[in-house]
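Okay, here's what each chain looks like letter by letter:
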Amino acid sequence: MKLNRYKKLFVTASIIASACPNLLAQTTDATAPVAITKEASPNKAGNLAPTPPMGWNTWNTFQTNIDEPLLKGMVDAYVSTGMRDAGYKYFVLDDGWMTMERDKNGDLVADPKKFPNGMKAFADYVHSKGLKFGIYNCAGSKTCAGYPGSRGHEYQDARLYASYGVDFLKYDWCNTDSLNAREAYITMSQALKASGREITFSLCEWGNHQPWLWAGGVGELYRTTGDITASFDKDKHNGTWTALSVMSIVDKQPAIAKYNGPNHWNDPDMLEVGNGMSFNEDKAHFSLWCMLAAPLAAGNDLRKMSPQTQSILTNKAAIAIDQDALGIAASRIYQADSLEVWAKPLANNEVAVCFLNRSTSVKQVTYNWNDHPVKNEANNIDIDFAKASYRLHDIWVNKDLGTTKKEFKQTLVGHSVIVVRLTKN
């Protein structure tokens, strides 16, 4: 949530993490997970997200300024623009859907001015279009925008969501005071599992408590950083907290890539494609999220997106890389000046490789495949291009680019990528 929300503790933690990225892989006494008894342990992971979840979320464009007519128009655009057919399936309401107070029974209430027909009716509309319906709340006493949080009402709220027909819950971390993150998310996880409905659970505590170490089986996806902003490489400072650029978020991912996989996805936050960056920057942003096997949650106005934005979000070759069955996050295998090469092993002994120019100037790429094998020890992958030849296919221009037997020579303009899919000859 892009609001002035962080407690001093978490502001301090974010500053430390930004200054010392190596701390991502460490556990301090302040953030160490507490012991969980057998009775309190989450259930074994299900299979609600064998590949990274794909959808659309209201927050990046509309914040709390949502209502039923607007959102029905967005649902319709979700279908007419080809988003649904490209693989996106969740339509997620973020903060601001409810009234400021619970009712006399302690239940949350959909704002009757925003949703005059009630939330169940809106969920039914979403489902009628072949989509799944998502909703938002927070582990604290209030949400980030000041609406009622779920603290102390977890099972009650989970039952309410099930009655609405909710398929996805985004669960934030504002106003949590002294709550233990792991225990709080386990409580809601158990509540969802007890609701009688399969609900994909998205943990959104900004990576402050290293969810990659404990969230498997608690939820299907978990945020790894603070909030994103629509900027390629410049963070946005908002007083007590900082929204992160695409590059700032990308740089935090290699240290935790090994924790990513089916039904437990590292989530580097929603997409800002179509929200103000250049075409090349949007394409690079989307490509990198696909390379990272990240959840893909669009956040633009679907009714007004340009043909370029639509071509990025619905590029099926890029989405296929993100949705690959192995679920392996890319590794950064080469770095020189402002040029980087990221490699992602795929099923059927294929590989996706992304060439990234982080600078604003034009760069000439000369890359010898034999010098850069692709390895992933956790999955017993060791691809040596000196021993086998692969065909190269550029997924953005839909063009074959020769084989790995020759040096790869291309020109990369600033803030852009070339993504090739490698298939063994």
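Please refer to the structure higher up on the page.
Note that the structure is predicted; figures quoted are calculated from it, not measured. (Residues numbered from 1 in each chain as written. Predicted model: local features only at pLDDT ≥ 70, side-chain atom pairs only at ≥ 80, totals over all residues. Heavy atoms only, no water.)

A tally of helices and strands in the protein chain yields 11 helices and 20 strands. Per-residue burial over the protein chain gives 55% buried out of 425 residues. Contacts in the protein chain between residues at least 24 apart in sequence constitute 70% of all its contacts with a sequence separation of at least 6. Total accessible area on the protein chain is roughly 17,300 Å²; 48% of this is exposed by carbon and sulfur atoms. (Helix = DSSP H or I, 4+ residues; strand = E, 2+ residues; numbered from the N terminus. Buried < 20%, exposed > 50% of the residue type's maximum accessible area, 1.4 Å probe, protein only. Contact = heavy atoms within 4.5 Å. Areas by Shrake-Rupley, 256 points an atom, 1.4 Å probe, with all protein chains shown as cover.)

Attention now moves to unusual backbone geometry. Backbone geometry places Gln63, a non-glycine residue, at a positive phi of 45°. Along the polypeptide, Gln63 turns up in the loop between helix H2 (59-62) and helix H3 (68-80). Taking relative accessible area as the criterion, Gln63 reaches 29% and is therefore assigned partly exposed. Positive phi values are uncommon outside glycine, yet His415 reaches one of about 55°.

Looking now at the packing of aromatic side chains. Applying the stated criterion across every chain yields a total of 22 aromatic pairs. Seen from their ring centres, Phe122 and Phe133 are 5.8 Å apart, and the 75° between their planes marks the pair as edge-to-face. On the criterion of sequence distance, the pair formed by Phe122 in helix H5 (residues 119-128) and Phe133 in strand S3 (residues 132-138) is long-range, its members being 11 residues apart. Each of the two residues, Phe122 as well as Phe133, counts as buried. Lying across the ring of Tyr125, Lys72 places its NZ or CZ 4.9 Å from the centre. (Phe/Tyr/Trp six-rings, centres within 6.5 Å; stacked < 30°, edge-to-face > 60°. Lys NZ or Arg CZ within 6 Å of the ring centre and 35° of its normal.)

Further remarks concern the environment of Tyr78. Position of Tyr78 relative to the elements: it lies in helix H3. Sequence-wise, Tyr78 and Leu302 are 224 residues apart; in three dimensions their C-alpha atoms are separated by 6.5 Å. Every residue in contact with Tyr78, bar those within four places of it in the chain, is listed here: Met54, Gly55, Trp56, Met83, Arg84, Tyr88, Lys89, Tyr90, Phe91, Leu131 and Leu302.

This brings us to helix H7 (residues 181-194). One turn of an α-helix holds 3.6 residues; hence residues three or four places apart share an orientation. Between its first and last C-alpha, H7 extends 20 Å over 14 residues, near the 20 Å set by a 1.5 Å rise per residue. Here H7 has its buried residues at Ala181, Ala184, Tyr185, Ile186, Met188, Ser189, Ala191 and Leu192. Turning to H7, the residues buried within the fold contact helix H6 (154-164), strand S4 (168-172) and strand S5 (200-203). You can read the cap of H7 off the contacts: a side-chain oxygen lies 3.1 Å from the backbone nitrogen of Arg182, and it is on Asn180. Positioned one or two residues after H7, Gly196 has a phi angle of 90°, which is positive. (Expected span 1.5 Å × (residues − 1). Polar contact = N/O pair within 3.5 Å; in protein donor to acceptor, adjacent residues only side chain to side chain.)

On to the pairing of strand S20 (residues 416-424), then. As defined by bridge partners, strand S13 (residues 351-357) adjoins S20 across 7 bridges and the pair is classed as antiparallel. Each bridged residue has a counterpart across the sheet, and for Val351 the counterpart in S20 is Leu422. (Pairing = 2+ DSSP bridges.)

Our focus in this paragraph is the sheet that holds strand S17 (residues 390-394). Pairing within the open sheet is antiparallel, and its 6 strands lie in the order S11-S12-S13-S20-S17-S18. Either end of the sheet is taken by a strand with one partner, and the two such strands are strand S11 (331-336) and strand S18 (399-403). Between one strand axis and the next, the sheet turns by 25° as a mean value, whatever way the strands run. Against the sheet, helix H9 (residues 279-291) makes contact with strand S12 (339-345), S13 and S20, and its axis sits at roughly 40° relative to S20, the strand it touches most. (Axes fitted to C-alpha atoms, helices over the stretch in contact; angles between N-to-C directions.)

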